[in-house]
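An overview of the molecular structure
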Amino acid sequence: MPLALLALAVGAFGIGTTEFVMMGLLPDVADDLNISIPSAGHLVSAYALGVVIGAPLLAAATARMSRRTVLIALMALFVAGNALSAFAPGEVFLLAARFVSGLPHGAFFGVGAVVATGMVAPERKARSVSLMFLGLTVANIVGVPAATAMGQQLGWRATFIGVSAIGVVAIAALVALIPREKAPAPTTGLRGELAALRSVPVWLALGTTVAGFGALFAAYSYITPMLTDAAGFAEASVTLLLALFGVGATAGNLLGGRLADHSLRGTLFGGLVSLVLVLALFPLLMRTEVTAAVAVALLGMAAFITGSPLQLMVMEKAAAAPSLASSANQAAFNLANAGGAWIGGLALAAGFGVTSPATAGAGLAVLGLAVAGAAWAVDRRRGADAAVSGRERVVAGHVPAEAEAEAVRR
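Residues numbered from 1 in each chain as written. Predicted model: local features only at pLDDT ≥ 70, side-chain atom pairs only at ≥ 80, totals over all residues. Heavy atoms only, no water.

This part is about a nonpolar patch on the surface. On the surface, a cluster of nonpolar side chains totalling about 270 Å² of accessible area is made up of Leu49, Ile53 and Leu57. Residue placement: Leu57 occurs in helix H2 (residues 37-61). (Patch = residues over 30% accessible without salt bridge, like charges linked within 9 Å, V, L, I, M, F, W, Y side chains within 5 Å. Areas by Shrake-Rupley, 256 points an atom, 1.4 Å probe, with all protein chains shown as cover. Salt bridge = Lys/Arg side-chain N within 4 Å of Asp/Glu carboxyl O. Helix = DSSP H or I, 4+ residues; strand = E, 2+ residues; numbered from the N terminus.)

Mapping Phe160 onto the fold places it in helix H6 (residues 156-177). By relative accessible area, Phe160 is classed as buried at 0%. The spacing of Phe160 and Ser85 is 75 residues in sequence and 6.5 Å in space, taken between C-alpha atoms. What Phe160 contacts, discounting residues up to four positions off in sequence, is Thr18, Met22, Asn82, Ser85, Ala86 and Arg98. (Buried < 20%, exposed > 50% of the residue type's maximum accessible area, 1.4 Å probe, protein only. Contact = heavy atoms within 4.5 Å.)

Core analysis: the biggest nonpolar cluster contains 59 residues, and Leu216, Leu227, Leu275, Leu279, Phe282, Met286 and Leu299 have the highest contact counts within it. Element by element, the count of residues in this core is highest for helix H8 (residues 200-220), at 10 residues. When sequence neighbours within four positions are dropped, the list of residues in contact with Leu227 reads Gly232, Phe233, Leu241, Met286, Ala292 and Val296. With 35 residues, the next largest nonpolar core counts Ala7, Ile72, Val79 and Met315 among its residues. (Core = buried A, V, L, I, M, F, W, Y, C linked by side-chain atoms within 4.5 Å.)

Relative orientation of the contacting elements helix H1 (residues 4-33) and helix H4 (residues 91-118) amounts to 160°, with a least axis distance of 10 Å. Taken together, the axis directions place H1 and H4 in an arrangement best described as roughly antiparallel. As H1 runs across H4, the sense of the crossing is left-handed. Residues Leu5, Leu8, Gly11, Ala12, Ile15, Thr18, Glu19, Met22, Val29 and Leu33 of H1 lie in contact with H4, whose contacting residues are Glu91, Leu94, Arg98, His105, Phe108, Phe109, Gly112 and Ala116. A breakdown of the residues in the contact of H1 with H4 according to their chemical character gives 11 nonpolar, 4 polar and 3 charged. (Axes fitted to C-alpha atoms, helices over the stretch in contact; angles between N-to-C directions. Parallel < 35°, antiparallel > 145°, perpendicular 65-115°, else oblique. Left-handed = near helix turned anticlockwise from the far one by under 90°. Nonpolar A, V, L, I, M, F, W, Y, C, P; charged D, E, K, R; others polar.)

Note that every value here comes from positions in space, so none of it alone points to a role or purpose.
This is how it looks when you write it as structure tokens:
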């Protein structure tokens, strides 16, 4: 694997750290700015809104630019957003800064996935994507706990200065390790990029992302009360258990990348089935501390097995606009974050019990399987139609046998 993937992983590590660290710093931010914790929670939403808006917008706007230049510019915007967060004088300014910090998130992963797959042989594409995502999952093991501890000891502003420093390191790595493109910059343009998304398979792949990762966040958003109220853990143990989730996510990400290079759709279906089973068993697994700890790790593994296959599938379905489609998949991931948390909250509010968000998540994972099945059926139908059409053209035009075989293959 090219060393350049390390530069993408460093950028992903910084992005993953700043995305999730705010959850652990909410009380500190609320105290310092004299606002309520629910009001501070809007800072999480502001970041997610930046991701959803920035992912497709920035990917489309930079369609004609060198992808190496785009990655460096996006990381510079990331540094600026986090630096503004560190020096925010009040709540409104901090909300705007968090929004700016989220803007480059989806486009970085989207363009980065295209760059990563372009540097390796076709049979290693999924693994290259998983190695870039490795920075995101490792951030949950190392980056978020370390940044949270820094914020609690030195003040929350120090955390964002530290994250900005990670961004500067990522920029240096991108400049040093990402090769300059030998071919001219893409000339598809905004209209061409948008036209490539007018495809049912692309939207079915994005729908699978929303449902599949919505299942994860329906449970993960409420993992703390499950661990404390159902499994009986002390609150001080939760941080360690969340790191265990990161370990599972890292293992699942690497496993999914390796398996997807052998069977993309098989890995996707296997991951979703595993997610259904883990979430369905959550109410039972949360009855003891040992099984609850295992459940947290398995949740991360089952969910992130599907990460690389989904990213690669979206890119392949929109081959004429891989950067935009790949970035749109990151927007879908953040929609899953918000939607899954909302659905899990509905289950709790309805009085179905502290583990009910996991059951709701299992239902979303089943929906993800159904959408993935529909995508598979559409692909099979289109493949069959293309084969029939190819044979008809061969018969009508008396094309040689070699051309007939190629037409049938397509």
